[in-house]
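What follows is each chain in one-letter form.
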Amino acid sequence: MASVVASTQEETKQLRRVPDDLPPTPPDSDTNSDTEKCETDDALRYVDADVPLPPPTHEPTEVLEPDKKTPDNWLPRDPRLIRLTGVHPFNTEPPLSDLYNEGFLTSPDLFYVRNHGAVPQVHDEDIPDWEFSIEGLVEHPFKLTLRDLIEQYEQKTYPVTLVCAGNRRKEQNVVRKTKGFSWGAAGVSTALFTGVILGDLLRKAKPKRGGRYVCMEGADKLPNGYYGTSVKLNWAMDPNRGMMLAHRMNGEMLRPDHGKPLRAVIPGQIGGRSVKWLKKLIITAEPSDNWYHIYDNRVLPTTVSPEESANNPKWWIDERYAIYDLSTNSATAYPAHEEQLCLVDSPPNYRVKGYAYAGGGRRITRVEVTLDKGKSWRLAKIDYAEDRYREQGPRQMCGGELDMEWRESSFCWCFWNIDIAVSELAETSDILVRAMDESMNVQPRDMYWSVLGMMNNPWFRVTIAKEGDYLRFEHPTQPALMPGGWMERVKKAGGNLANGYWGESIGGPEAPEPVTEAATEVSLTKDDLKNTITIDELRKHDKEDQPWFVVNGEVYDGTPFLEKHPGGAQSIVSAAGLDSTDEFMGIHSETAKAMMRDYHIGTLDPAGRAALASAEVQPDPLAAPSPLFLDARTWKKGTLHAKTSNSWDTKTFTFRLEHAAQTLGLPTGQHLMLRLRDPVTREAIIRSYTPISETSAQGFLDVLVKIYFDTAERKGGKMSQALDQLPIGHFVDFKGPIGKFEYRGRGLCSVNGRERKVKRFLMVCGGSGITPIYQVFRAVMRDREDATECVLLSGNRGVEDILCKAELDGLVRENESEGEGGKGKGRVLYTLTQAPEGWEGLRGRIGETLLREQGGREGLGEGEGMVLVCGPEPLEKSVREALVEIGWRDDEMLFF
Ligand SMILES: Nc1nc2c(c(=O)[nH]1)N[C@H]1C(S)=C(S)[C@@H](COP(=O)(O)O)O[C@H]1N2
Ligand SMILES: [Mo]
């Protein structure tokens, strides 16, 4: 046996005694079938020491600080796990060395986690009654509790490696950003799973002819419905495929993050098929139509760009691009990233080692290492620990029968190692590894880039730098936003990572341009600027006098732009000293992005970037509840309370604030930012909205949103659709106020902090552009002392598209009957481009003719009028041109 697992074997020996850190497990006899209590039996009692035992585990007991502010605030976790998608949901991988050091089996503490949303909380006393169904195209649909599953079916135990399809995605993201978050090479883990063979259950339900797929659904309710996916029915019936419904992991009850109390385990396939918190099995004739089955876990052709994939749904529904069996893959654990080897006193040989796995139950048959970029290869030793379980006869283990002798397929990773002379390492610049499976599927040299960045498996390359008496090793990347790795370094130095030579210059004729690099990406930086800025320097500029802020690790000085910023100075000041990548990228146009170069002053150093990445300003949970909800520097959580349909495509979303007496804290005329995460990519989606609820409303806020649905020709609105699908009770983040305009009442306006008093507003809006204008109009109408005249032109397609009509008309009427100051001060005119017969309002677009008739500036002295415009870009543009013709000055017009 290869000595690479020697340390694990040491632990194995110690573990041969009854390990007391494993919780009690149910007995294998039927004298006591209570899932929860068992004093006598021990999970590993019958296990020969010749098979790898689970590493010691220390079940976390404390809820970690970051989790306390999330829906998972009840769930203790291991602090070593590296968070890949901010604080929540929990998507994590262990440090690669820690993972490897645990050996063949991974402890549940360090096992990677991929959660699309909050973890369903199941109390121990409810576990036996956990119910799930088998339905669809079956003769005998039935429901079953976990208790039944354990009492009535044969229990099996065997080791399975789970791998997220995104494992190693960070490397793809460095080449070109995919729609997925950045996994390092530790999105993979192995455990002994105990449960019931899926085929046994399906046979009991008797699938009908025509049934071809097994759809599975979890209990986690997500923005686009419950998590679900499918596998092929005849695979599920094949014992060699080993599909299982598991309730135990390494002899203990599943942990909440891994599907407690019941999950599917689908060996040899991408982790996404192993549905956790399992509630439903449905036999169907077609693959799952679950949103997560369609928009996740696919490898689209490399020619399909993110834009193309977004614009053209046909790529997603093409079943040929769905992925099931894992691709052959390997990675090096040692030398670790940034490991140093002293040449002076080192032993003659260095042992390079790592993991490898293959898909579809196939076995890894060779692992090869090259020190000369693939000109020559050496064979590494492979340790297939899974075989040691196979070699055991049938026996009881962890509450199930271990019986693998008969099975040909392999469900687990293997470890490989090779000894290399240190003198050779000192002479070369990299160590590359590739694995091959029994069908001769070998890892490719070059990356296959695709939109979701899945199944990344090119040769794993560790570089070697000689620094004095030391060799320093570098892995390709570090997970999440953690800086480091040769890929980032090569890219920064101008190397082309897609040149087939790891971005190094090849010499000879110029290498072709990288095919995968987005041609149209706008540069936000000054290329020649080489100024490094520390976190301390940045934090000195967190005030309004010289606000610096960070986008994508680059530092910008907002001072010269405070006056001109269309979003108002406040939003720049609010970002001072902080990372505002999400906000900036989320709400700015290409034009705005191109302007950034002028304000670029340097690059934040890696330590600073790491500090910022982990330091999103969180509301202090212990602080006294604030009377105002909005905070310009902190994202605050509002809970979705109700959705009310106003028309087929507009809804009012009501959010609960932090407490019933809280008011929003949004001045009239200003906006707030709303942030959701894309359910698939976890990318932040940010848009600004103006609520339609009264600014004085307590405890609630209403946002009116027009939903742009996907159509056959066009991808719809990311934000509006995500909002539409958001389940009641879920959080959304809010931040603000933003905007340079504020209406202070009785004609007093403030634009970028400068006050001016107006006598008349001309308000022009199209479609849902009404919302900011409605706020101002209502403020004028509601105040009897406010004599400001308001002419509001609302342009829409059909009658059903007019928003807030009843409210607007009501406000106008109230003012006709009140005799006091400003009687009849409000006028609202609707114009329709597709007016129905009998429509008594105006017809046609809002153009020069209409504006001349209704929106002239007669009777107004200089600065006494103000135009507020909000609508789609083409409308704003044509309105601006027409107004200039009529005689309005630029500084009298405000475009939201
Ligand atoms: N119900 C449910 N099942 C799920 C997921 C999920 O978010 N919800 N994530 C899937 C994905 S993409 C992976 S890789 C695996 C991860 O399993 P683990 O978190 O136990 O490692 O669970 C899969 N099953
Ligand atoms: Mo995954």
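Residues numbered from 1 in each chain as written. Chains lettered and ligands numbered in written order. Predicted model: local features only at pLDDT ≥ 70, side-chain atom pairs only at ≥ 80, totals over all residues. Heavy atoms only, no water.

- The protein chain goes by Nitrate reductase in an unreviewed UniProt entry, where it is assigned to Friedmanniomyces endolithicus.
- The heading Sequence similarities (unreviewed entry) in the UniProt record of the protein chain holds the text "Belongs to the nitrate reductase family."
- Looking at the protein chain in UniProt, the text filed under Catalytic activity (unreviewed entry) is "nitrite + NADP(+) + H2O = nitrate + NADPH + H(+)". (UniProt positions renumbered as here; feature names shortened; annotations may be inferred.)

1. As for the site of ligand 1
Next, step 1: The immediate surroundings of ligand 1 are formed by 19 residues, with Tyr 112, His 116, Asp 220, His 258 and Lys 276 found nearest.
Next, step 2: Here an oxygen atom of ligand 1 and a side-chain polar atom of His 258 are 2.6 Å apart.
Next, step 3: Ser 274 is positioned such that a nitrogen or oxygen atom in its backbone is 2.9 Å from a nitrogen atom of ligand 1.
Next, step 4: Spatially, ligand 1 is embedded in the largest cavity.
Next, step 5: Among the secondary structure elements, those contributing two or more residues to the shell around ligand 1 are β3 (113-114) and β8 (213-222).
Next, step 6: Classifying every residue of the shell around ligand 1 by side-chain character gives seven nonpolar, seven polar and five charged. (Near = heavy atom within 4 Å. Polar contact = N/O pair within 3.5 Å; in protein donor to acceptor, adjacent residues only side chain to side chain. 1 Å grid on protein atoms, 1.4 Å probe; cavity = no way out; pocket = protein on both sides within 12 Å on 5 of 7 lines; lining within 4 Å. Sits in = over half its atoms within 2 Å of the grid points. Helix = DSSP H or I, 4+ residues; strand = E, 2+ residues; numbered from the N terminus. Nonpolar A, V, L, I, M, F, W, Y, C, P; charged D, E, K, R; others polar.)

2. Side note on the environment of Gly 558
Next, step 1: Structurally, the position occupied by Gly 558 is in the loop between β28 (554-557) and α14 (569-575).
Next, step 2: The buried category is assigned to Gly 558, whose relative accessible area is 4%.
Next, step 3: In sequence terms Gly 558 and Tyr 599 are 41 residues apart; their C-alpha atoms lie 6.7 Å from each other.
Next, step 4: Apart from the residues lying within four places of it in its own chain, the contact partners of Gly 558 are Pro 547, Phe 549 and Ile 572. (Buried < 20%, exposed > 50% of the residue type's maximum accessible area, 1.4 Å probe, protein only. Contact = heavy atoms within 4.5 Å.)

3. Concerning the domain arrangement of the protein chain
Next, step 1: Examined at the domain level, the protein chain breaks down into domain 1 (90-321), domain 2 (532-614), domain 3 (636-738) and domain 4 (741-895).
Next, step 2: On a C-alpha basis, the centres of domain 1 and domain 4 stand 54 Å from each other. (Domains from an automatic or database assignment.)

4. A word on the UniProt feature "binding site: Mo-molybdopterin" (unreviewed entry) in the protein chain
Next, step 1: UniProt annotation of "binding site: Mo-molybdopterin" (unreviewed entry) refers to Cys 164 when read in the numbering used here.
Next, step 2: For Cys 164, the position within the fold is in the loop between β6 (156-163) and α4 (169-175).
Next, step 3: Residue Cys 164 is classed as buried on the basis of its relative accessible area, which comes to 9%.
Next, step 4: Setting aside residues no more than four positions away along its own chain, Cys 164 makes contact with Tyr 112, Arg 114, Trp 183, Gly 187 and Gly 271.

5. As for the sheet that holds strand β41 (residues 826-832)
Next, step 1: What the six strands build is an open sheet, ordered β42-β41-β40-β39-β43-β44; its pairing is parallel. Since the sheet does not close on itself, it has two edges, and those belong to β42 (842-843) and β44 (893-895), each with one partner.
Next, step 2: With two bridges connecting them, β41 and β42 associate as parallel partners. The residue bridging Leu 832 from the neighbouring strand is Arg 843, located in β42.
Next, step 3: Strand contacts of helix α19 (residues 770-782): β39 (760-766), β40 (789-796), β41 and β43 (865-870), with the helix running at about 150 degrees to β39, the strand carrying the most contacts. (Pairing = 2+ DSSP bridges. Axes fitted to C-alpha atoms, helices over the stretch in contact; angles between N-to-C directions.)

6. Some points on the UniProt feature "transmembrane region" (unreviewed entry) in the protein chain
Next, step 1: The positions that UniProt labels "transmembrane region" (unreviewed entry) are, in the present scheme, residues 181-202.
Next, step 2: Its end C-alpha atoms 35 Å apart, residues 181-202 is made of 23% helix and 45% strand.

7. So, the side chain of Asp 109
Next, step 1: Among the structural elements, Asp 109 can be located in the loop between α2 (96-102) and β3.
Next, step 2: Relative accessible area serves as the criterion here: at 3%, Asp 109 is assigned to the buried category.
Next, step 3: Engagement of the side chain of Asp 109 in a polar contact is seen with the side chain of Thr 57, the distance being 3.1 Å.
Next, step 4: For Asp 109, the side chain forms a polar contact with the side chain of Ser 107, separated by 3.0 Å.
Next, step 5: Ignoring any residue separated from it by four or fewer positions in sequence, one finds Asp 109 in contact with Pro 56, Thr 57, His 58, Glu 59, Pro 60, Asp 78, Arg 80, Leu 81 and Arg 255.

8. Focus on the sheet that holds strand β37 (residues 748-751)
Next, step 1: One open sheet accounts for three strands, arranged β36-β37-β38; its pairing is antiparallel. The open sheet has two free edges, formed respectively by β36 (741-745) and β38 (754-757), since each of these has just one partner strand. Each strand axis lies, on average, 25 degrees off the axis of its neighbour in the sheet, ignoring direction.
Next, step 2: Here β36 runs beside β37; their pairing, made up of four bridges, is antiparallel. Bridged to Phe 741 within β37 is Val 751.

9. Topic: the side chain of His 337
Next, step 1: Structurally, His 337 can be placed in the loop between β14 (329-334) and β15 (340-342).
Next, step 2: Only 3.0 Å separates the side chain of His 337 from the backbone nitrogen of His 475, close enough to count as a polar contact.
Next, step 3: In this structure, His 337 is in contact with Phe 473, Glu 474, His 475, Gln 478, Gly 484 and Gly 485, ignoring residues within four places of it in sequence.

10. Considering helix α18 (residues 718-725)
Within an α-helix, residues lying three or four positions from one another point in the same direction, as the helix has 3.6 residues per turn.
Next, step 1: α18 sits mainly inside the fold: six of its eight residues count as buried.
Next, step 2: Turning to α18, its buried residues number three or more, namely Met 719, Ser 720, Gln 721, Ala 722, Leu 723 and Asp 724.
Next, step 3: Contacts from the buried residues of α18 go to β30 (636-647), β31 (650-656), β32 (671-677), β33 (684-689) and β34 (700-706).

11. Re the pairing of strand β16 (residues 349-357)
A regular strand places its side chains so that they alternate between the two faces of the sheet.
Next, step 1: Where β14 and β16 come together, five bridges link them in antiparallel fashion. Considered in β16, the bridge of Thr 332 is made with Gly 354.
Next, step 2: Where β16 lies against strand β22 (residues 414-421), eight bridges are found, and the strand directions are antiparallel. Its bridge partner lying in β22, Gly 354 is registered against Trp 416.

12. Let's talk about the confidence of the model for the protein chain
Parts of the model with low pLDDT should not have their predicted coordinates read in detail.
Next, step 1: In the predicted model, the protein chain carries a mean pLDDT of 87, and the fraction of residues at 70 or more is 90%.
Next, step 2: Low pLDDT (under 50) marks residues 1-48, which in the prediction has 75 contacts with non-local residues, meaning those over four places away or in another chain.
Next, step 3: Note on residues 508-520: pLDDT is under 50 here. Beyond four places in sequence and across chains, it has 14 contacts. (pLDDT = per-residue confidence, 0-100.)

13. Considering the packing of aromatic side chains
How two aromatic rings sit relative to each other is set out by the distance from centre to centre and by the angle between their planes.
Next, step 1: Counting across every chain of the model gives 28 aromatic pairs.
Next, step 2: Ring plane angle 75 degrees and centroid distance 5.5 Å describe the contact between Trp 235 and Tyr 324, whose orientation is recorded as edge-to-face. You can see Trp 235 sitting in helix α6 (residues 233-236) and its partner Tyr 324 sitting in the loop between α9 (314-317) and β14, a full 89 residues away along the chain.
Next, step 3: We classify Trp 235 as buried; its relative accessible area is 16%.
Next, step 4: Judged by its relative accessible area of 9%, Tyr 324 falls in the buried class.
Next, step 5: Each ring, one from Phe 741 and one from Phe 896, has its centre 6.0 Å from the other, and the planes form 75 degrees; the classification is edge-to-face. (Phe/Tyr/Trp six-rings, centres within 6.5 Å; stacked < 30°, edge-to-face > 60°.)

14. Observations concerning the nonpolar core
Next, step 1: By size, the foremost hydrophobic cluster in this structure holds 98 residues, and its most contacted members are Phe 193, Tyr 355, Tyr 389, Trp 416 and Leu 425.
Next, step 2: Contacts of Leu 425, omitting those with residues within four sequence positions, involve Leu 341, Tyr 350, Leu 371, Ile 420, Ile 431, Ile 464, Leu 471 and Phe 473.
Next, step 3: If you look at the next biggest cluster of nonpolar residues, it comprises 41 residues, including Ile 127, Ile 134, Trp 235 and Ala 264. (Core = buried A, V, L, I, M, F, W, Y, C linked by side-chain atoms within 4.5 Å.)

15. Here's the deal with the environment of Gly 211
Next, step 1: Within the secondary structure, Gly 211 sits in the loop between α5 (198-205) and β8.
Next, step 2: Using a relative accessible area of 13% as the deciding quantity, one classes Gly 211 as buried.
Next, step 3: With 73 residues separating them along the chain, Gly 211 and Thr 284 place their C-alpha atoms 5.1 Å apart.
Next, step 4: Not counting the four nearest positions on each side in its chain, Gly 211 is found in contact with Leu 137, Leu 233, Ile 283 and Thr 284.

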